[in-house]
Amino acid sequence: VCGGGVWVRRSASAGECVVERMSRLGLSGTDLDVANLQLELVRLGGHRGGGDVVAMVRFAELLEDPRCEQLFEALAGTLRAAKKRQVIAYKGELLLKGPSDGVELRLL
């Protein structure tokens, strides 16, 4: 179970990630953003997971994805909140377009 109102589990037979949205009732803005981030990471990089990592996406992929551009008003804040809650992991504190494009975001 991942935080933010989203369940993520790895199917034992197919090794595929199955994502189910739980009820959005009771989620604050940040919780909802973190839940949406989890879904987008699985959508963009679910096929690159392995071991304890459910999905892996490079920062530039997330930043340049048209759907994510529309969904996240403050992507840097959402990433920091998700990292603080140990939902995702990445190197560094603040990710910036350009210097941080190659940084891998791992959904735990």
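Points about the pairing of strand 3 (residues 55–58)
Judged by which residues are buried, strand 3 turns out to be one-sided: A55 and V57 face inward and are buried, whereas M56 and R58, on the alternate face, are not. Note: strand 3 against strand 5 (residues 104–107), four bridges, orientation antiparallel. Across the sheet, the residue bridging to R58 is E104, located in strand 5.

Some remarks on the environment of S100
The topology assignment puts S100 in the loop between strand 4 (88–89) and strand 5. For S100, a relative accessible area of 8% corresponds to the buried category. Taking the C-alpha atoms as reference, S100 lies 8.9 Å from R58; in sequence the two are 42 residues apart. The residues contacting S100, other than those within four sequence positions of it, are F59, L94 and L95.

Rules used throughout
- Residues numbered from 1 in each chain as written.
- Predicted model: local features only at pLDDT ≥ 70, side-chain atom pairs only at ≥ 80, totals over all residues.
- Heavy atoms only, no water.
- Buried < 20%, exposed > 50% of the residue type's maximum accessible area, 1.4 Å probe, protein only.
- Helix = DSSP H or I, 4+ residues; strand = E, 2+ residues; numbered from the N terminus.
- Pairing = 2+ DSSP bridges.
- Contact = heavy atoms within 4.5 Å.

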